[in-house]
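# Structure at a glance
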Amino acid sequence: MASGTEGINLLLLLLLVFLQHGLVMAEDSVPVPADWPQQFHSVLFINRSGSLQKTDLWYDWPNGRNFNIIQHQLGLLTYDLEWDNGTSFYYTLHPFDETCKVIHFEVGILRPNWLDGANYLGQEYVDTFLCNVWDKVDFITYYEDVLTRRPVMWIFYSGMIAHVMTFEVGAVLPDQNWQAPVYCFPQTQTHNKTTTLLLHSPHAGSSHGMPMRQISHSAFAK
């Protein structure tokens, strides 16, 4: 009789160990998004409520800078230059009107691990790629190719959709291209160049970089 009881206890113990192991395996199997490379260049096609744009995104974490060069469909070529000290320059160059907005944020550019803690939603086919899908701080839905772990698409809460066309890891824009024009600085204003200085303004501008700055604020501001 005792041996029968011992056998049942052993089976229950083995079952408990198996269930605990299964739970650990299940937790370990939940995918997590890849960190962004320290430096990369990506071409994005962006649909913003029917307004189309092509954006060259240059991400340069070691140097604390991020650049969105935005070609609006049949329209302006605009520049969104962001620094990790919270300063962003939004400007146009000749042959367009030479205008500039300087905006100061409370946070810097996105960290490479900005997707840490994202909520896994499962898998979905997007742009013919099988993707793992996450959302982050109820602000962005992020799609990553299962095979290569490259980003494929992200969708902002506002409905702005960014399709990733190229993703060049290690590409770096030469330093001379990171200098904002002189008319971005108030002391250089002239009658035909417009400079607007906006302090702590979270909503000015409408480029791809603006909502990315807001992600940074939502994810990292204390």
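Scroll up for the structure.
Let me begin by describing the structure that accompanies this report.

Calculation criteria
Residues numbered from 1 in each chain as written. Predicted model: local features only at pLDDT ≥ 70, side-chain atom pairs only at ≥ 80, totals over all residues. Heavy atoms only, no water. Helix = DSSP H or I, 4+ residues; strand = E, 2+ residues; numbered from the N terminus. Buried < 20%, exposed > 50% of the residue type's maximum accessible area, 1.4 Å probe, protein only. Contact = heavy atoms within 4.5 Å. Areas by Shrake-Rupley, 256 points an atom, 1.4 Å probe, with all protein chains shown as cover. Disulfide = S-S within 2.5 Å. Core = buried A, V, L, I, M, F, W, Y, C linked by side-chain atoms within 4.5 Å. Pairing = 2+ DSSP bridges.

On to the overall build of the chain, then. Tallying secondary structure elements over the chain gives two helices and twelve strands in all. Starting at the N terminus, the α and β elements of the chain follow one another as α-β-β-β-β-β-β-β-β-β-β-β-β-α. Classification of the 222 residues of the chain by burial places 41% in the buried group. Nonlocal contacts in the chain, meaning residues at least 24 apart in sequence, comprise 47% of its contacts between residues at least 6 apart. In the form shown here, the chain has an accessible surface area of approximately 12,500 Å², with 59% of it arising from carbon and sulfur atoms.

Quick look at the environment of Val102 now. The residue Val102 is located in strand S6 (residues 99–104) in this model. The exposure class of Val102 is buried, given its relative accessible area of 5%. Between the alpha carbons of Val102 and Tyr90 there is a distance of 6.5 Å; along the sequence they are twelve residues apart.

This part takes up the state of the cysteines. Applying the stated criterion across every chain, the model contains one disulfide. Through a disulfide, Cys100 is tied to Cys184; the S-S separation comes to 2.0 Å. One quick way to see it: the torsion about the S-S bond of Cys100 and Cys184 is about 105 degrees, and its sign makes the bridge right-handed. Of the two residues, Cys100 sits in strand S6 while Cys184 sits in the loop between strand S11 (161–169) and strand S12 (194–199), which places them 84 residues apart along the sequence. The exposure class assigned to Cys184 is buried, which follows from its relative accessible area of 1%.

Look at the link from His94 to Pro95: it is a cis peptide, with omega at 20 degrees. With respect to the element layout, Pro95 can be found in the loop between strand S5 (87–92) and S6. Even without a glycine there, the phi angle at Leu74 is positive, about 55 degrees. With a phi close to 65 degrees, Arg149 is a non-glycine residue in the positive phi region. Tracing the backbone through its elements, the reader meets Arg149 in the loop between strand S9 (140–145) and strand S10 (151–156).

Judged by nonpolar contacts, the single largest core of 21 residues is most densely connected at Trp36, Phe40, Leu44, Trp114, Tyr142, Trp154 and Phe156. When contributions to this core are tallied by element, the ones reaching two or more residues are strand S1 (39–48), strand S2 (51–60), S9, S10 and S11. With 15 residues, the next largest nonpolar core counts Tyr79, Phe89, Leu173 and Trp178 among its residues.

Take the side chain of Asn66 next. Tracing the backbone shows Asn66 in strand S3 (residues 65–72). On the basis of relative accessible area, Asn66 is assigned to the buried category, the value being 7%. Sequence-distant contacts of Asn66, that is, excluding residues within four places in its chain, are made with Leu57, Trp58, Tyr59, Asp80, Leu81, Glu82, Ile109 and Trp178.

This paragraph deals with the pairing of strand S8 (residues 129–136). Inspection of the sheet shows strand S7 (residues 119–126) paired to S8 by seven bridges, in the antiparallel sense. Counterpart to Tyr125 in the pairing with S8 is Leu130. Looking at chain direction, S8 and S9 are connected through six bridges and run antiparallel. Bridge pairing links Cys131 to Asp145 in S9.

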